[in-house]
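Listed below, chain by chain, are the residues.
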Amino acid sequence: MCTTPSWLSAIEQAQIQEMYDVAAALTTQTGVRHHVDHIHPLKGRGFSGLHVPWNLQVLRATENLSKGTRLPANEAHLMWGRMNHAS
């Protein structure tokens, strides 16, 4: 599904697995489905995130699905090719 950079350490790879374990545990404990979300989506429009621990968060599935492939609102200005012109 997604590619993990080859330069990640074994600890960082374990941190990624831990995120998936946390999502599964929360789903089991709460009965509410949880996903591991890429904060910066892997295939966004005008940008790409990485499958690395610092780009992951656990969210309720409904939150993750409604988020889509958009950058976090406070980082939309970072999108490649986007021009902000002062009036």
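Whatever comes next refers back to the structure up there.
So, a few notes on the structure that sits alongside this text. Since the model is a prediction, treat every value here as computed from it, not as a measurement.

**Examining the nonpolar core**
At step 1: With 7 residues, the main nonpolar core is built from Leu8, Ile16, Met19, Ala23, Val36, Val52 and Leu56.
At step 2: For Leu8, the residues in contact, after removing those within four places along its chain, are Gln13, Ile16, His51, Val52, Pro53 and Trp54.

**Some remarks on the pattern of salt bridges**
At step 1: Under the definition given, this model contains 2 salt bridges.
At step 2: As a salt-bridge pair, Lys67 and Asp37 come within 3.1 Å of each other at their nearest N and O atoms. With a gap of 30 residues between them, Lys67 in helix α2 (residues 61-67) and Asp37 in strand β1 (residues 34-38) connect regions that are remote in the sequence. An identical accessibility class is assigned to Lys67 and Asp37; each is buried.
At step 3: For Arg60, the salt bridge goes to Glu63, with nearest N and O atoms at 3.6 Å.

**Let's talk about the pairing of β1**
At step 1: In terms of residue burial, β1 counts as a mostly covered element, since 5 of its 5 residues are buried.
At step 2: Side chains of β1 alternate between two faces, with His34, Val36 and His38 and His35 and Asp37 buried alike.

**Quick notes on the side chain of Asn55**
At step 1: With respect to the element layout, Asn55 can be found in the loop between β1 and β2 (56-60).
At step 2: Among the polar contacts made by the side chain of Asn55, one reaches the main-chain carbonyl oxygen of Leu50 at a distance of 2.8 Å.
At step 3: Apart from residues no more than four positions distant in its own chain, Asn55 is found in contact with Asp37, His38, Ile39, His40, Gly49 and Leu50.

Reading the values: the criteria
- Residues numbered from 1 in each chain as written.
- Predicted model: local features only at pLDDT ≥ 70, side-chain atom pairs only at ≥ 80, totals over all residues.
- Heavy atoms only, no water.
- Core = buried A, V, L, I, M, F, W, Y, C linked by side-chain atoms within 4.5 Å.
- Buried < 20%, exposed > 50% of the residue type's maximum accessible area, 1.4 Å probe, protein only.
- Contact = heavy atoms within 4.5 Å.
- Salt bridge = Lys/Arg side-chain N within 4 Å of Asp/Glu carboxyl O.
- Helix = DSSP H or I, 4+ residues; strand = E, 2+ residues; numbered from the N terminus.
- Polar contact = N/O pair within 3.5 Å; in protein donor to acceptor, adjacent residues only side chain to side chain.

The values are spatial; any link to function lies outside them.
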